[in-house]
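Structural description and commentary
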Amino acid sequence: MPLYTSQHLKIYNSLSGEKENFNPIHEGNVGMYVCGPTVYSNVHLGNVRTFMSFDVIFRYFLHLDYKVRYVRNITDVGHIVDDVDEGEDKIAKKARLEQLEPMEVVQRYTVDFHDILKSFNFLPPSIEPTATGHIIEQIEIIKKIIATGIGYEANGSVYFDVVKYNETNNYGILSGRNIEDMLTNTRDLDGQSDKRNPQDFALWKKAEPEHIMRWPSPWSDGFPGWHLECTAMSTKYLGNHFDIHGGGMDLKFPHHECEIAQNEACTGQSPVNYWMHANMLTLNGKKMAKSTGNNILPGEILSGNNNILSKAFSASVTRFFMLQAHYRSILDFSDDAIVAAEKGYKRLMEAVDALPAISASATSSIDIASWKQLCYDAMNDDFNTPILIAQLFEAVRYINLLKEGKETISAEDLTSFTTAMNAFVFDVLGLSDEKAADANNDKLEGVVNMLIGMRNQARADKNFALSDQIRDQLITLGIQLKDGKEGTSFSI
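Residues numbered from 1 in each chain as written. Predicted model: local features only at pLDDT ≥ 70, side-chain atom pairs only at ≥ 80, totals over all residues. Heavy atoms only, no water.

Looking up the protein in an unreviewed UniProt entry gives the name Cysteine--tRNA ligase, with the organism given as Flavobacterium azizsancarii. Of the comments in the UniProt record for the protein, the one headed Sequence similarities (unreviewed entry) reads "Belongs to the class-I aminoacyl-tRNA synthetase family." Within the UniProt record for the protein, the comment given under Subcellular location (unreviewed entry) is "Cytoplasm". (UniProt positions renumbered as here; feature names shortened; annotations may be inferred.)

A separate point is the overall build of the protein. For the protein, the count of helices and strands is 16 helices and 15 strands. In terms of its C-alpha atoms, the protein occupies a principal-axis envelope of roughly 75 × 65 × 45 Å. In the protein, of all internal contacts separated by at least 6 residues, the share reaching a separation of at least 24 is 73%. If you sum the accessible surface of the protein, you get close to 23000 Å²; carbon and sulfur atoms cover 49% of it. With 46 positive and 65 negative side-chain charges, the protein shows a spacing of 4 Å between the two charge centroids. (Helix = DSSP H or I, 4+ residues; strand = E, 2+ residues; numbered from the N terminus. Contact = heavy atoms within 4.5 Å. Areas by Shrake-Rupley, 256 points an atom, 1.4 Å probe, with all protein chains shown as cover. Lys, Arg positive; Asp, Glu negative; His and termini not counted. Charge placed at Lys NZ, Arg CZ, Asp CG, Glu CD.)

All right, on to the sheet that holds strand β11 (residues 281-283) then. Read from one edge to the other, the open sheet built from 3 strands follows the order β12-β11-β13, with strand pairing classed as mixed. One side of each edge strand has no neighbouring strand; the edge strands of this open sheet are β12 (286-287) and β13 (331-333). Here β11 pairs with β13 via 3 bridges, running parallel. The residue bridging L281 from the neighbouring strand is L331, located in β13. (Pairing = 2+ DSSP bridges.)

Take the environment of R177 next. One can find R177 in the loop between α5 (162-166) and α6 (179-184). Accessibility expressed as a relative area gives 42% for R177, which makes it partly exposed. Placed 48 residues apart in sequence, R177 and P129 show a C-alpha to C-alpha distance of 31 Å. Those residues in contact with R177 that sit more than four places away from it in its chain are Y171, G172, M182 and F253. (Buried < 20%, exposed > 50% of the residue type's maximum accessible area, 1.4 Å probe, protein only.)

Let us look at the nonpolar core. Soluble, globular proteins show a tendency: their nonpolar side chains are buried together. Counting 134 residues, the largest nonpolar core has F61, F160, F333, F383, F417 and M421 as the members making the most contacts within it. Considering each element in turn, this core owes the most residues, 10 residues, to helix α1 (residues 45-63). Counting residues in hydrophobic clusters, the runner-up holds 6 residues, among them V448, I452, I470 and L474. (Core = buried A, V, L, I, M, F, W, Y, C linked by side-chain atoms within 4.5 Å.)

Time to look at the layout of surface pockets. Empty space among the atoms becomes visible once a probe the size of a water molecule is rolled across them. Estimated volume of the largest pocket: approximately 1400 Å³. Considering the residues around the largest pocket, the lining is formed by 45 residues, among which Y40, H44, N47, K90 and D250 are closest to the centre. When residues of the lining of the largest pocket are traced back to their parent elements, those giving at least two are α1, α2 (90-98), α3 (102-119), α7 (226-238), β9 (242-248) and α8 (252-267). (1 Å grid on protein atoms, 1.4 Å probe; cavity = no way out; pocket = protein on both sides within 12 Å on 5 of 7 lines; lining within 4 Å. Points joined across faces, edges and corners; volume = space filled by probe spheres on them.)

The next subject is the pairing of strand β3 (residues 29-34). Strand residues, when the strand is regular, have side chains that alternate between the two faces of the sheet. Burial analysis of β3 places 5 of its 6 residues in the buried class, the great majority of the element. As paired elements, β3 and strand β4 (residues 67-72) share 6 bridges and run parallel to each other. Across the sheet, residue N29 finds its bridge partner in β4, namely K67. Here 3 bridges tie β3 to β9, and the two strands are oriented parallel to one another.

Their axes nearest at 10 Å, the elements helix α12 (residues 368-380) and helix α14 (residues 411-428) cross at an angle of 20 degrees. Judged by the angle between their axes, α12 and α14 are roughly parallel. Regarding α12 and α14, the two cross each other, and that crossing is left-handed. Listed contacts from α14 to I368, W371, K372, C375, Y376 and M379 of α12 are D413, S416, F417, A420, M421, F424 and V428. Among the residues forming the contact of α12 with α14, the class breakdown is 10 nonpolar, 1 polar and 2 charged. (Axes fitted to C-alpha atoms, helices over the stretch in contact; angles between N-to-C directions. Parallel < 35°, antiparallel > 145°, perpendicular 65-115°, else oblique. Left-handed = near helix turned anticlockwise from the far one by under 90°. Nonpolar A, V, L, I, M, F, W, Y, C, P; charged D, E, K, R; others polar.)

Here we take up the pattern of salt bridges. Two side chains bearing opposite charge may form a pair once their charged atoms approach each other closely. Tallied over the full model, the rule gives 17 salt bridges. Close ionic contact of R471 with D472 constitutes a salt bridge, the shortest N to O distance being 3.0 Å. Residues joined in a network through salt bridges with shared partners are D55, R59 and R319. (Salt bridge = Lys/Arg side-chain N within 4 Å of Asp/Glu carboxyl O.)

A few words on the side chain of Q391. Considering the arrangement of structural elements, one finds Q391 in helix α13 (residues 385-403). Of the residues examined, Q391 reaches a relative accessible area of 17% and is grouped as buried. Contact partners of Q391, with chain neighbours within four places excluded, come to W371, L374 and C375.

With the exception of glycine, the majority of residues adopt a negative phi angle, and the majority of peptide bonds are in the trans configuration. Across the junction of F253 and P254, the peptide omega takes the value 5 degrees, indicating a cis bond. With respect to the helices and strands, the residue P254 is situated in helix α8. Of note in this structure, Q99 is not a glycine but carries a positive phi near 55 degrees. Inspection of the secondary structure puts Q99 in the loop between α2 and α3. Its identity is not glycine, yet N121 carries a phi of approximately 65 degrees, on the positive side. Here N121 shows up in the loop between α3 and α4 (135-147).

This part is about a nonpolar patch on the surface. A grouping of V447, M450 and M454 is seen on the molecular surface, where their side chains present a nonpolar patch of about 280 Å² in accessible area. Among the structural elements, M454 can be located in helix α15 (residues 434-460). (Patch = residues over 30% accessible without salt bridge, like charges linked within 9 Å, V, L, I, M, F, W, Y side chains within 5 Å.)

Moving on, we come to empty space enclosed by the protein. Applying the stated rule across the entire model yields 2 cavities of 30 Å³ or more. Lining the largest cavity are R49, M52, S53, V56, I57, M322, L323, A325, H326, Y327, F383 and T385. Take the lining of the largest cavity: its biggest share by element is 5 residues, from α1. Of the residues contributing to the lining of the largest cavity, the split by class is 8 nonpolar, 3 polar and 1 charged.

Next up, the structure:
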């Protein structure tokens, strides 16, 4: 039987403001969409925390034996600087400042995004679509919204009429905002805008002559509004009605509110059963901001090249630190906090490494089954990683008592205990055992250096066929040799 049949997961739904039993639309299957990055700069630490939260959620669904389609998009066009409908596209602005093609900017920062997430041991999503790859789908959705009378064209741009939509629906259902209050607190447009109402948002924007990224449409050469891409990509790959939509807390309004409105106007139904939002990350008690210098990039944590931390910290330590807080809680990043996390991480890994040396007894004095269920109870309670980590440290205590001979464990329980520890530490939390990885790296280095020695001897014997064979076979394994004045080195 699949594991999910014996576990009862509850998820906090931002739509209801309550924890709800998770019941997928299709039994045994989960459809999850998460708003990805806008690739105009290096991914920042707050983004990493958000995506890490959903990486753990993805991992836990997989652990429970669900079949998961996890879609996380790349925003590579149409994201306006002030996140409304005026100003300059962030990617186009970066391209102009750095004298690059917009797609050079996209490529550079998409590669950075993937490299950083890989270093933090993220699982890749099932599908990672781009906004520019779905222009046709976005245009078709706009046509449907216009046909309902809720979308309207004005001077080559197309807008979503929020007031008209609100006559039959609830604009503000997710964020709790009231449209009458929003209208009251917004200044009149004074004829300076094509919008009917201040709250209306762009579905399509006519491109100014200097705008580089543009596509033909029935209304103008232009580009889609920011909110539209996620509606197009989520429904294309997950259907008009799917299980989970996630993102950062900052996306709840207006982005996710507008997504709901677009979907309901287009399909006549609410798109998502469970809306999930991860909270923000602060640095030394303050909001992170480049302008104030209170900012640190993920790569700067790993390299130690910063003025905030006392030393470099590994990706696994940083990941462990972040998972010590619940995804819906604000997390403050500081040197003291990550130093303490490093100590805890090492304690946990030392205990995991000690498990193979534990000897089994005839009987158990420890209730492993109850401990194991407490671990599941933590994750079933809206993916409560800090409570899970607390249970893992209870396991550390058990391991130390077993090593000292103060407790006993049967062979069956030892197998179950070891399997559960590895599953929760490595598969669910996504941590890596850096000590074991370092040992493997040392072994690899030893083998490669032995082959370099054999190659050097072959060259000395003028057996160039063998020396070239060694070099070429290492290249096929991703190991590049470099000959220099001081000898031969290698890189992976």
